[in-house]
Amino acid sequence: MVRIKGIGAYAPKSELHNRDFERFLDTSDEWIFSRSGIKSRRISPPEQRTSDLAVEASKKALKRAGLSVDDVDMVIVATSSPDTLTPSTACITAAKLGMDKVPCFDISAACPGFLYALEIATGLLQTGKYRHILIVGVESGTKFIDWEDRSTAVLFGDGAGAAVLTVDEGPYGVLSTYLQGDGRLGELLKIEVGTAYPPGSWGVRMRGREVFRNAVVQMGEAAVKALQLANLKAEDLDWLVPHQANLRIIEATRQRLNLPREKVYVNIERYGNTSAASIPLALEEMLERGLLKEGDTVLAVSFGAGFTWASAVIRWG
Ligand code: ACO
């Protein structure tokens, strides 16, 4: 089975608390926390690139896996905030890690990007052509934010999570993956950077209420699909690890599965929405805190711009 041999995460040092926004935006700690569940988020400084975050997370993942950079046969980075359009952040990350001659590419699948990378890497490992694939979910999304737009500025944070995947005969690993998307709804949530927009007009644009409604439905659907594909029921789960975008969306997903609160991992209050980094960041934190144990059955589920949504069931170990 394809399994996560090592996982690592990194978040920039600098923290921005809800109260800090009160100084320059018409908002409040109370509004932000009650609507989203967020209390603070990490912000990468201008000189810290997305690839720098990816490097830190990848080093930890490799260390946990007991592997060196020479063991990695491919690098896949999921991000919506790359260093540059080209070269890919995967290539830049690989170079910074000291790798040479390794296939590397980015995928753009917004918040579920890490789960998209997981399915791609799982399929490739199953061909037998590769031994270890490094996948990274990383964002410096705060660099695209319009700091005068209170409806989006308060929601996002920066961070990175990485996993080294391998294939072996053991009982642990990826039991199912599920990917989905609907480009017709893309206008509801966008990072407006690219050939469609004139230079200088960057920004994250979101119709929050519509995104919220879709996220609740599709997170639930994705959760059920991954369980069906793994031939499991919600009661078989030890953990639900949802994308950390909004506490109310997480709560709706929990209710859809009828899970007790203690089986749902939540860290949104400290990181905000870190998009593609959110799930590996949560998994690493759970491991670090001794919550994630060998043999645990974990359902990860995510929803984001595109729209895209995805899920995976993993037997940890
Ligand atoms: N402070 C104070 N007031 C605000 C703020 C703010 N920071 N932001 C918006 N408001 C105001 C609005 O202007 C609006 O005022 P009005 O009624 O006078 O027009 C009012 O608050 C209500 O705004 P809504 O957008 O309806 O508030 P809502 O309850 O929907 O919460 C939120 C907004 C938190 C953005 C929510 O819609 C949400 O979480 N949406 C989903 C976001 C999401 O899930 N993203 C994840 C997928 S995408 C990804 O992760 C990249």
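Residues numbered from 1 in each chain as written. Predicted model: local features only at pLDDT ≥ 70, side-chain atom pairs only at ≥ 80, totals over all residues. Heavy atoms only, no water.

### Re the confidence of the model for the chain
Move 1: Per-chain confidence: the chain averages 97 in pLDDT, with 100% of residues scoring 70 or above.
Move 2: Confidence, read as mean pLDDT per element, is least for strand β10 (residues 204-206) in the chain (93) and greatest for strand β4 (residues 74-78) (99). (pLDDT = per-residue confidence, 0-100. Helix = DSSP H or I, 4+ residues; strand = E, 2+ residues; numbered from the N terminus.)

### So, the site of the ligand
Move 1: Neighbouring the ligand are 24 residues, the closest being Thr 27, Cys 111, Arg 209, Asn 246 and Asn 273.
Move 2: Side-chain polar atom of Thr 27 to a nitrogen atom of the ligand: 2.6 Å apart, as the coordinates give it.
Move 3: Trp 31 places a polar side-chain atom, nitrogen or oxygen, 3.4 Å from a nitrogen atom of the ligand.
Move 4: The set of elements that each furnish at least two residues to the shell around the ligand consists of α2 (29-36), α6 (150-153), α7 (208-229), α8 (247-257) and β12 (297-304).
Move 5: Among the elements that take part in the shell around the ligand, α7 stands out by supplying 4 residues, more than any other.
Move 6: Taken together, the residues of the shell around the ligand sort by class into 12 nonpolar, 7 polar and 5 charged.
Move 7: Here the shell around the ligand spans two domains, and each of domain 1 (2-167) and domain 2 (173-315) adds at least three residues to it. (Near = heavy atom within 4 Å. Polar contact = N/O pair within 3.5 Å; in protein donor to acceptor, adjacent residues only side chain to side chain. Nonpolar A, V, L, I, M, F, W, Y, C, P; charged D, E, K, R; others polar. Domains from an automatic or database assignment.)

### Description of helix α10 (residues 278-288)
Move 1: In terms of residue burial, α10 counts as a mostly covered element, since 9 of its 11 residues are buried.
Move 2: Of the positions making up α10, those classed as buried are Ser 278, Ile 279, Pro 280, Leu 281, Ala 282, Leu 283, Glu 284, Glu 285 and Met 286.
Move 3: Remark: Gly 290 follows α10 within two positions and exhibits a positive phi of approximately 75°. (Buried < 20%, exposed > 50% of the residue type's maximum accessible area, 1.4 Å probe, protein only.)

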